[in-house]
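Spelled out, the chains give:
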Amino acid sequence: MSDHQPEPDAPSFRLRAREFFARLFRRAPPEPGRFEPGSKFSWHGWVSVAPLVWPSREYLVYVPRGHARWRRRPLLVLLHGCRQTPEQFAAGTRIAAWADEHDWLVLLPRQTPHANPWGCWNWFDRRTVAGKGEAAIVAAQVRAVRRLYRAHPRRMFIAGMSSGACLAAVLGLRFAKLFAAVGVHSGVACGAASRPALALQVLSTGANGDIDALAAQAREQTSPGALPLPLCVIHGERDHVVSEKNAVEVLRQFLVFNGRLPANGGALPDADASLVTALPADGMMTVDDYRIDGQVVARRVRVAGLGHAWSGGDAAFAYNDAQPPDATALFGEFFAAQFGRRDVWVGK
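Residues numbered from 1 in each chain as written. Predicted model: local features only at pLDDT ≥ 70, side-chain atom pairs only at ≥ 80, totals over all residues. Heavy atoms only, no water.

Chemist: How would you summarise the sheet that holds strand 9 (residues 283-292) if you had to cite specific residues and measurements?
Modeler: On the basis of which strands lie adjacent, the open sheet formed by 10 strands has the order 1-2-4-3-5-6-7-10-9-8 and mixed pairing. Strand pairing shows two members of the sheet lacking a second neighbour, strand 1 (34-41) and strand 8 (273-279), which therefore form its edges. Each neighbouring strand pair of the sheet contributes to a mean axis angle of 20 degrees, computed without reference to strand direction. Pairing analysis gives four bridges linking strand 6 (residues 181-185) to strand 7 (residues 231-236), with the strands arranged parallel. Each residue of the ladder has a partner; that of histidine 185, found in strand 7, is isoleucine 234. Strands strand 3 (73-79), strand 5 (151-161) and strand 6 of the sheet are contacted by helix 6 (residues 163-174), whose axis makes an angle of about 140 degrees with strand 5. (Pairing = 2+ DSSP bridges. Helix = DSSP H or I, 4+ residues; strand = E, 2+ residues; numbered from the N terminus. Axes fitted to C-alpha atoms, helices over the stretch in contact; angles between N-to-C directions. Contact = heavy atoms within 4.5 Å.)

Structure below.
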């Protein structure tokens, strides 16, 4: 009997070898995105309108699918409105799906009912307007999340809805060095209410404080390397809760802050570029851009037919309108356009 063994069939041997090495080096499927809770305290976070409330707030961080700490990702801070929670705001804006697609971290601060029974951010609080109070608490959260999740330090953005938008405007002026751009959806200017008792009045009639002077003062106190700080404002033309006049005022405030306009309280000038887009169901969107040295530093988006709701959101949740445009995508595109530009500005 011969001791000779038959040689393996060459094609089948190569196939088995490829399968072996494929299994050896096969990448594990990416981990799904997840929400992680946290909280942060600030000694500057005491609020005048709720002086007995401990200056700490909880938050959620959405970690996108396949997140790896070795890679620095952009960070988006989203501030919910009154009578909302971070969970509801995240669901209504569909921010988790957007973050998975674009590979961004998302920070969602949570207001406590002890500080405001309606869940509103206290944007009208004098300490908060000055950059302390709840503005200081959220800023502390941003810094903590940046360290814990290794967010890109020059690609951090903030946006909010309603009272969250009001607080976002405050954080933009008081912590310009921290952010690369600001988004305001249905909000008001920083310092629009000269005192808390007038906050509701401001929503319908516009600012009763000198918001231009506040912007000029904030500009003097801001490092030149942090400016300009681009702003995107989205507002519905049928918003009966927050008057559209406030959108004009916050736009003008940031144009003064960025040195595009003098602080003389004058009328808003004509935009450098304007585009009108027809939307389904006889809708319409008007986008006005204001530039400095050819770069867009302020954008105003007017949505015909939109009330006090997040445009393009999930209507299963309160304060969301399913009709386009998609505010999440509009803010995201505006923020992503700042990549590279902010790196240059900060280096000045």
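There is more to say, and it comes next.
Chemist: Quick rundown of the packing of helix 5 (residues 133-149) against helix 6? Include the residues and the values.
Modeler: Working note: a packed helix pair is described by the angle between its axes plus the distance between those axes. Where helix 5 contacts helix 6, the two axes come as close as 10 Å, and the packing angle between them is 75 degrees. When the axes of helix 5 and helix 6 are compared, the pair comes out roughly perpendicular. Where helix 5 abuts helix 6, its residues Glu134, Ala135, Val138 and Ala139 lie against Leu167, Val170 and Leu171. Classifying every residue of the contact of helix 5 with helix 6 gives six nonpolar, no polar and one charged. (Parallel < 35°, antiparallel > 145°, perpendicular 65-115°, else oblique. Nonpolar A, V, L, I, M, F, W, Y, C, P; charged D, E, K, R; others polar.)

Chemist: Got a sec to walk through the nonpolar core? Specific residues and values, please.
Modeler: Nonpolar side chains tend toward joint burial in soluble globular proteins. Among the nonpolar cores identified, the biggest contains 54 residues, and Val142, Leu171, Phe179, Phe254 and Phe257 are the most heavily contacted of them. If we skip the residues at most four places from it in the chain, phenylalanine 254 touches Ala169, Gly172, Leu173, Val182, Leu229 and Leu231. Listed in part, the 33 residues of the second largest apolar core include Ala99, Ala181, Phe331 and Phe334. (Core = buried A, V, L, I, M, F, W, Y, C linked by side-chain atoms within 4.5 Å. Buried < 20%, exposed > 50% of the residue type's maximum accessible area, 1.4 Å probe, protein only.)

Chemist: An account of helix 6 is requested, with residue identities and associated values reported.
Modeler: With 12 residues, helix 6 ought to run about 16 Å at 1.5 Å a step, and its terminal C-alpha atoms sit 17 Å apart, in line with that. Counting buried positions along helix 6 gives 11 out of 12 residues, so the element sits mostly inside the fold. All of the buried residues in helix 6 are Ser163, Gly164, Ala165, Cys166, Leu167, Ala168, Ala169, Val170, Leu171, Gly172 and Leu173. (Expected span 1.5 Å × (residues − 1).)

Chemist: How would you summarise the side chain of asparagine 122 if you had to cite specific residues and measurements?
Modeler: If you trace the backbone, asparagine 122 turns up in the loop between strand 4 (105-109) and helix 4 (126-129). Other than its neighbours up to four places away in sequence, asparagine 122 contacts Val47, Val49, Gln111, Ala115, Asn116, Thr128 and Glu134.

Chemist: With reference to specific residues and values, describe the layout of surface pockets.
Modeler: Computed from the structure, the largest pocket encloses a volume of approximately 580 Å³. Around the largest pocket sit 26 residues that line it, and Cys82, Trp118, Cys120, Leu200 and Leu203 are the ones nearest its centre. Looking at the lining of the largest pocket, the elements with two or more residues in it are helix 6 and helix 7 (199-205). It is helix 7 that provides the largest number of residues to the lining of the largest pocket, a total of three residues. Along the lines of polarity and charge, the residues of the lining of the largest pocket split into 18 nonpolar, seven polar and one charged. Computed from the structure, the second largest pocket encloses a volume of approximately 160 Å³. If you trace the second largest pocket, you find it lined by Arg143, Leu173, Arg174, Phe175, Ala176, Lys177, Leu178, Ala218, Gln221, Thr222 and Ser223. Each residue belonging to the lining of the second largest pocket can be placed in one class, and the counts come to five nonpolar, three polar and three charged. (1 Å grid on protein atoms, 1.4 Å probe; cavity = no way out; pocket = protein on both sides within 12 Å on 5 of 7 lines; lining within 4 Å. Points joined across faces, edges and corners; volume = space filled by probe spheres on them.)

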